[in-house]
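Analysis of the macromolecular model
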Amino acid sequence: MNKKDEMFESKAPICPYCGTKTYLTSFRYMRVKNRTKNANKARNRLIYMCPNCHKYVNVHKGTNIPMGYPGDKELRLWRRYTHMVFDDLWHKSGNRKKAYTWLSRVLGLEADECHIGMFNSEQCKLAIEVCIKELARVPSK
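None of the values given here were measured: they were computed from a predicted structure.

1. Re the overall build of the protein chain
- The helix and strand tally for the protein chain stands at 4 helices and 3 strands.
- Element order for the protein chain, N to C, with α for helix and β for strand: α-β-β-β-α-α-α.
- With 141 residues in all, the protein chain has 34% of them scored as buried.
- Taking as baseline every contact in the protein chain between residues at least 6 positions apart, the subset at least 24 positions apart corresponds to 50%.
- Taken as a whole, the protein chain presents about 9,900 Å² of accessible surface, with 52% of it coming from carbon and sulfur.

Right under this line is the structure:
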């Protein structure tokens, strides 16, 4: 199997809410960037969705690789907030990998477990808290 084939092959995650295997499907959504006449554009994206409880997780663009584990609306919102704060931190420090290494150490996670798409709500809240404190401490690059 070549690298390109590996990039598109992925195991469907198991739903942490009900234990059911998710399935890959297309999800249509509206993206609003600004309030101009042509700002609303319908786009398709791939997601893994649980057939029982309808929780889902996005996939990495151009692949079938899930970004983490399925979540409900609240958890996906917490993950989005966490990414906003964390992304500010790694942009300010200038190194995404080092920022993830720091976050894994602070949260007491193994490096391969420290992905926001794998976090639960409590981990997101803690990550937001420590990232905000670190943002105040780290000088801009």
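2. Some remarks on a nonpolar patch on the surface
- Residues Leu77, Tyr81 and Met84 make up a contiguous nonpolar surface patch of about 280 Å² in total accessible area.
- Within the secondary structure layout, Leu77 lies in helix α2 (residues 73-93).

3. Some words on the packing of α2 against helix α4 (residues 121-137)
- One can describe the packing of α2 onto α4 by two numbers: an axis separation of 9 Å at closest approach and a directional angle of 25°. Between α2 and α4, the angle falls in the class roughly parallel. The crossing of α2 and α4 is left-handed. Residues Leu75, Trp78, Arg79, Tyr81, Thr82, Val85, Phe86, Asp88, Leu89 and Lys92 of α2 lie in contact with α4, whose contacting residues are Ser121, Cys124, Lys125, Ala127, Ile128, Cys131, Ile132, Glu134 and Leu135.

4. Thoughts on the confidence of the model for the protein chain
- Confidence in the prediction of the protein chain, expressed as mean pLDDT, is 84, and 80% of residues score 70 or more.
- Ranking the elements of the protein chain by mean pLDDT puts helix α1 (residues 3-8) last, at 44, and α4 first, at 95.
- Under a pLDDT of 50 for its full length, residues 1-8 has, in the predicted model, 9 contacts with residues more than four places off or in other chains.

5. Quick look at α2
- If you check α2, its first and last C-alpha atoms are 30 Å apart, about what 21 residues at 1.5 Å a residue would give, namely 30 Å.
- Among the residues of α2, Leu75, Arg76, Arg79, Thr82, Val85, Phe86, Leu89 and Trp90 are the ones counted as buried.
- Buried residues in α2 make contact with β3 (56-58), α3 (96-107) and α4.
- Of the residues one or two after α2, Gly94 is the one with positive phi, at around 90°.

6. Remarks on the packing of aromatic side chains
- Summed over all chains, the structure comprises 2 aromatic pairs.
- Between Trp78 and Tyr81, the aromatic rings sit 6.1 Å apart at their centres with planes inclined by 90°, giving edge-to-face as the arrangement. Here the residue Trp78 and the residue Tyr81 both occupy positions in helix α2, the gap between them amounting to 3 residues, near one helical turn.
- Judged by its relative accessible area of 23%, Trp78 falls in the partly exposed class.
- Judged by its relative accessible area of 39%, Tyr81 is partly exposed.
- Both rings, one in Phe86 and one in Tyr100, keep their centres 4.4 Å apart while their planes meet at 50°; by these two values the pair is tilted. Here Phe86, found in helix α2, pairs with Tyr100, found in helix α3; they are 14 residues apart in sequence, far enough to count as distant.
- Among the residues examined, Phe86 registers a relative accessible area of 0% and is labelled buried.

The rules behind these values
- Residues numbered from 1 in each chain as written.
- Predicted model: local features only at pLDDT ≥ 70, side-chain atom pairs only at ≥ 80, totals over all residues.
- Heavy atoms only, no water.
- Helix = DSSP H or I, 4+ residues; strand = E, 2+ residues; numbered from the N terminus.
- Buried < 20%, exposed > 50% of the residue type's maximum accessible area, 1.4 Å probe, protein only.
- Contact = heavy atoms within 4.5 Å.
- Areas by Shrake-Rupley, 256 points an atom, 1.4 Å probe, with all protein chains shown as cover.
- Patch = residues over 30% accessible without salt bridge, like charges linked within 9 Å, V, L, I, M, F, W, Y side chains within 5 Å.
- Salt bridge = Lys/Arg side-chain N within 4 Å of Asp/Glu carboxyl O.
- Axes fitted to C-alpha atoms, helices over the stretch in contact; angles between N-to-C directions.
- Parallel < 35°, antiparallel > 145°, perpendicular 65-115°, else oblique.
- Left-handed = near helix turned anticlockwise from the far one by under 90°.
- pLDDT = per-residue confidence, 0-100.
- Expected span 1.5 Å × (residues − 1).
- Phe/Tyr/Trp six-rings, centres within 6.5 Å; stacked < 30°, edge-to-face > 60°.

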